[in-house]
Amino acid sequence: MSLSVEDKLEIVELSNAHMRSLDNHDVDAWVAAWVPDGTFVATYGTFAGHDAIREFINGHIAAGKEDGARHLMTNYVVDGDGDTASITCAVTKLQVEKPPFIIASGIYTDSVVRTAEGWKFASRKLDIDNGVFARAAAEAAAAGSQR
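All of these numbers come straight from a predicted model, not from anything done at the bench.

K.L.:
I'm lost on the overall build of the chain in this one. Help?
P.N.:
The helix and strand inventory of the chain stands at 4 helices and 6 strands. Along its sequence from the N terminus, the chain presents helices and strands in the succession α-α-β-β-α-β-β-β-β-α. Based on the C-alpha atoms only, the size of the chain along its principal axes is roughly 60 × 30 × 25 Å. Put simply, of all contacts in the chain between residues at least 6 apart along the chain, 51% involve residues at least 24 apart. For the chain, the computed accessible surface area is about 8,200 Å², with 54% contributed by carbon and sulfur atoms. Counting 13 positive and 21 negative side-chain charges, the chain places the averaged centre of each group 8 Å from the other.

Here is the structure:
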């Protein structure tokens, strides 16, 4: 049985609400988007289970990595049937508290499952586009040449 339009909307809303919780530094909501043994995979590592995911995001926020950030989610493709689905979408991370600029961009590739509490991430993988790393390298090189 293919996914209903309502299921697809709920899945897209899960992803959007997940990013809103990150922008608001709401760690509890961010972690609750996963099933208890879910995984988050990114450049920073692989984090399995609520405790590891919570520890990662608390450190990420404490390091200032989300200060002034707003995430824009676009280009959703949701495919699945029954109680499982896969999602891909693009993310653009903006700095909005200073003169605005794009911090990073990337692609999320997710697996979600239907639970008694609604759709949750079984896995969420973030592939950050190379541009953010190229910019960081250029900034480091420029800072090094000014010494």
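What follows continues from the structure just given.
K.L.:
Would you explain the sheet that holds strand β5 (residues 101-115) in this entry?
P.N.:
Backbone-to-backbone hydrogen bonds join strands into a sheet, with any given pair of strands oriented parallel or antiparallel. Reading across the sheet, the 6 strands line up as β2-β1-β6-β5-β4-β3 and stay open at both edges, with mixed pairing between neighbours. Strands at the two margins of the open sheet, each flanked by one partner only, are β2 (45-48) and β3 (69-81). With direction set aside, neighbouring strand axes in the sheet form an average angle of 15 degrees. Bridge count for β5 against strand β6 (residues 118-128) is 10 bridges, and the pairing is antiparallel. Opposite Ser111, over in β6, you have Ser123 as the bridge partner. Along the sheet face, helix α1 (residues 5-23) touches β1 (34-42), β3, β4 (84-95), β5 and β6 and points at about 155 degrees away from the line of β3. The sheet strands contacting helix α4 (residues 131-145) are β5 and β6, and the helix crosses β5 at an angle near 145 degrees.

K.L.:
Hey, could you run me through the pairing of β6 in this one?
P.N.:
On any regular strand, side chains alternate: one points to one face of the sheet, the next to the other face. The pairing of β1 with β6 spans 4 bridges and is classified as parallel. Residue Trp34 lies in a different strand from β6, and its bridge partner there is Phe121. Between the antiparallel neighbours β5 and β6 lie 2 residues.

K.L.:
Looking at this structure, I do not really get the pattern of salt bridges. What am I missing?
P.N.:
Oppositely charged side chains may form a pair once their charged atoms are brought near each other. Under the counting rule described, the total for this entry stands at 6 salt bridges. Of the charged contacts in the structure, one is a salt bridge between Asp7 and Arg114, with a shortest N-O distance of 2.9 Å. Placement of the pair is Asp7 in helix α1 and Arg114 in strand β5, with a sequence separation of 107 residues. Note that Lys125 is salt-bridged to Asp127, the shortest N-O span being 3.6 Å. A relative accessible area of 34% places Asp127 in the partly exposed class. Here the salt bridges do not stand alone but share partners, grouping Asp7, Asp83 and Arg114 into one network.

What counts, and at which threshold
- Residues numbered from 1 in each chain as written.
- Predicted model: local features only at pLDDT ≥ 70, side-chain atom pairs only at ≥ 80, totals over all residues.
- Heavy atoms only, no water.
- Helix = DSSP H or I, 4+ residues; strand = E, 2+ residues; numbered from the N terminus.
- Contact = heavy atoms within 4.5 Å.
- Areas by Shrake-Rupley, 256 points an atom, 1.4 Å probe, with all protein chains shown as cover.
- Lys, Arg positive; Asp, Glu negative; His and termini not counted.
- Charge placed at Lys NZ, Arg CZ, Asp CG, Glu CD.
- Pairing = 2+ DSSP bridges.
- Axes fitted to C-alpha atoms, helices over the stretch in contact; angles between N-to-C directions.
- Salt bridge = Lys/Arg side-chain N within 4 Å of Asp/Glu carboxyl O.
- Buried < 20%, exposed > 50% of the residue type's maximum accessible area, 1.4 Å probe, protein only.

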